[in-house]
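Summary of the model geometry
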Amino acid sequence: MDDELAPVLASVGPRLRELRRERGVTLTRLSEATGISVSTLSRLESGGRRPTLELLLPLAKVHGVPLDELVGARTGDPRVRTPPFTRDGVEYLPLSRNPGGIQAFRITIPPPKGYVEAEQRSHEGHDWVYVLEGRLRLLLGPHDMVLTAGEVAEFDTRIPHGFFNPGPGPVSYLGLFGPQGERAHVRVRPTESSRKRGENEREPEGR
């Protein structure tokens, strides 16, 4: 398992460096935006630090890219790509291999072919959902809502819940599931100095 995963992990560092340089961001600025130390960021890019979900989540958010792009689920050598599987017509693409902790998936639900009964279920754990494209209907206890691309939901899975595609096209979303109630910690907290710098860099109105 480690031998299969090694090429995937090795590609994360160069991708992170490429994204940062494309955006013209220094390690110091990136550290301020994510709360991750400069030394840790440098080791991530050089391959000296193993990428983890807790580190990749804030980096994906700051760079404005899907998490699966960082871990090479979209591109790269197909020989090391984790194969998707289908359950009840829903496609799951595993993005992590950590059975004892948070599990990450890219989930795609096809358009409905007819009436779908809105069932809910509950179980131990914690869910974090980010819609990549399409429309996702989420039933959560007494709540009935539709999430669109860029919207996030987070909840305790002991609350009865269900995911559905209201159409008209397919919906894809990033799902992070902590089977023992683990939660994803997003450490994107701009410091006071970075906020002031951003305010100073804004162009005056009227230009």
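Residues numbered from 1 in each chain as written. Predicted model: local features only at pLDDT ≥ 70, side-chain atom pairs only at ≥ 80, totals over all residues. Heavy atoms only, no water.

As for the packing of aromatic side chains
We apply this condition: Pairing of aromatic side chains requires ring centres within 6.5 Å, counting the rings of Phe and Tyr and the six-membered ring of Trp. Pairs whose planes differ by under 30 degrees are stacked, by over 60 edge-to-face, and all others tilted. Lysine and arginine charges are scored as sitting over a ring when NZ or CZ, respectively, is within 6 Å of the ring centre and within 35 degrees of the ring normal.
In this structure the tally under the stated criterion is six aromatic pairs. An aromatic cluster of at least three residues, connected via ring pairs, comprises Phe85, Tyr92 and Phe105. Geometry around Tyr92 places Arg87 over its ring, the cationic atom sitting 5.8 Å from the centre.

Brief notes about the nonpolar core
Rules: Among buried residues, the Ala, Val, Leu, Ile, Met, Phe, Trp, Tyr and Cys ones that are joined through side-chain atoms within 4.5 Å form a nonpolar core. Classification of residues uses two cut-offs on accessible area relative to the type maximum, computed with a 1.4 Å probe and protein chains only: under 20% is buried, over 50% is exposed, and between them is partly exposed. Labels follow the DSSP assignment, with helices taken as runs of H or I lasting at least four residues and strands as runs of E lasting at least two, numbered in each case from the N terminus. Contacts are assigned to residue pairs that have any heavy atoms within 4.5 Å of one another.
Counting residues in each nonpolar core, the largest one holds 22 residues, and the members touching the most others are Leu16, Leu59, Leu67, Leu70 and Leu176. Elements supplying a minimum of two residues to this core: helix H1 (2-22), helix H2 (27-34), helix H3 (38-46), helix H4 (53-63), helix H5 (67-70) and strand S9 (171-178). Not counting the four nearest positions on each side in its chain, Leu70 is found in contact with Val12, Arg15, Leu16, Leu19, Leu56, Ala60 and Val65. Counting 15 residues, the second largest nonpolar core, distinct from the first, contains Phe105, Val131, Ala153 and Phe155.

Here's the deal with the sheet that holds strand S5 (residues 135-140)
Using the following cut-off: Two strands are said to pair when DSSP picks up at least two bridges between them. To get an axis, a line is fitted to the C-alpha atoms, and for a helix only the part in contact is used. The angle between two axes follows their N-to-C directions and goes from 0 to 180 degrees.
One open sheet holds the three strands; their spatial order is S6-S5-S8, and the pairing between them is antiparallel. Of all strands in the sheet, those with a lone pairing partner are strand S6 (143-148) and strand S8 (161-164), marking the two edges. Each strand of the sheet is rotated relative to its neighbour by a mean of 20°, with strand direction disregarded. Both S5 and S8 contribute to a ladder of four bridges, which runs antiparallel. Bridging across to S8, Arg137 finds its partner in Phe164.

A word on H3
Rule in force here: Taken from the helix axis, the directions to the C-beta atoms give the arc we talk about.
Three or more residues of H3 are buried, namely Thr40, Leu41, Leu44 and Glu45. The buried side chains of H3 occupy one side of the element, clustering within an arc of 135° when seen end-on. Where H3 ends, the next residue or the one after it, Gly47, has phi of about 90°, a positive value.

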